[in-house]
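# Residue-level structural notes
In case you want the letters, here they are:
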Amino acid sequence: MNENYLILLGLGNDAKSEGKSLAEQIDAVLPQTQCTQCDFDGCKPYSEAIVSGEAEINQCPPGGQDGVDALAELLGRQTLKLNETHGETKPRRIAIVDEKACIGCTLCIKACPVDAFVGSSKVMTQVIGKECTGCDLCLPVCPVDCIDMLESKPYEKILQQDSAQFNNALNQRQILERSIRDNSRERYQFHQARLERDKRERDELLKSRTIALKEKMLKDKAQKEKIEAAIRRVKDSKKNETN
Ligand code: SF4
Ligand code: SF4
Ligand code: SF4
């Protein structure tokens, strides 16, 4: 049987036996690439959409047909053909930056869903290879086209062996796959939490600035009224003097 399918199914079943929610069981089978090709903002939102019936199980190109089959098995449904309108299944890859061409614009840093870039404004940017999920989201934003994707293989295909050796190798791969996915999931969650915190801070800053501006406008208005009243008084007294 296909080893990739078995690994994915095993990850979903582990989540089930750990008492995780249905969305978490589905998320365990999803690749954690966080590429948004499924039309959702990441693997967890897609898993929630499957649970709510908003999405089909065949919208994840990085998971491929094995992923669709494993989801179908986990959910006790008929499998579907991978919907290729969402994109093609590619081998696992990581991004690399051409250091000579990079202008340090930081657009890729903002686009990365798992914070896999190091660098800052006007400083050459680099990718931390082990954190990159190969989501491609940094490619379209780079103004000088200096990011390339390289195929990465965390492990080779299991060679024909007896069933005990096959199961042992499969087990090792599942442990490795799980740790890669857990890492990507955590980094994605951290990234999302940071975005939410930044938005909250921006909203609070905007609110306090608006309040300060309104207070200033009221103060300016009161001052203007005071000056106008003073001018009126001076004019009235001058008028009285001439009469
Ligand atoms: S890997 Fe991409 S397409 Fe698949 S569920 Fe995650 S975000 Fe969606
Ligand atoms: S470095 Fe690029 S390809 Fe890698 S995870 Fe970040 S955005 Fe995706
Ligand atoms: S988007 Fe391209 S040019 Fe800009 S910092 Fe990233 S790699 Fe460098």
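Residues numbered from 1 in each chain as written. Chains lettered and ligands numbered in written order. Predicted model: local features only at pLDDT ≥ 70, side-chain atom pairs only at ≥ 80, totals over all residues.

### Thoughts on the site of ligand 3
Close to ligand 3 lie 14 residues; C102, C105, C108, T125 and C142 are nearest. The residue makeup of the shell around ligand 3, split by class, is 11 nonpolar, 3 polar and no charged. (Near = placed C-beta within 6 Å. Nonpolar A, V, L, I, M, F, W, Y, C, P; charged D, E, K, R; others polar.)

### Brief notes about the domain arrangement of the protein
Each assigned domain of the protein is listed here: domain 1 (3-89 + 153-199) and domain 2 (93-151). The interface of domain 1 with domain 2 comprises 10 residues on the first partner and 10 residues on the second. Looking at side-chain class alone, the side of domain 1 that touches domain 2 contains 2 nonpolar, 6 polar and 2 charged residues. (Domains from an automatic or database assignment. Contact = placed C-beta atoms within 7 Å.)

### Quick look at helix α4 (residues 64-75)
When the terminal C-alpha atoms of α4 are compared, their 17 Å separation across 12 residues agrees well with the 16 Å that a helix rising 1.5 Å per residue should span. Where α4 is concerned, the buried positions are G67, V68, D69, A70, L71 and L74. Buried positions along α4 lie against α1 (3-17) and α2 (22-29). After α4 finishes, the residue G76 shows a positive phi value of roughly 65°. (Helix = DSSP H or I, 4+ residues; strand = E, 2+ residues; numbered from the N terminus. Expected span 1.5 Å × (residues − 1). Buried ≥ 20, exposed ≤ 12 C-beta atoms within 10 Å, placed from the backbone.)

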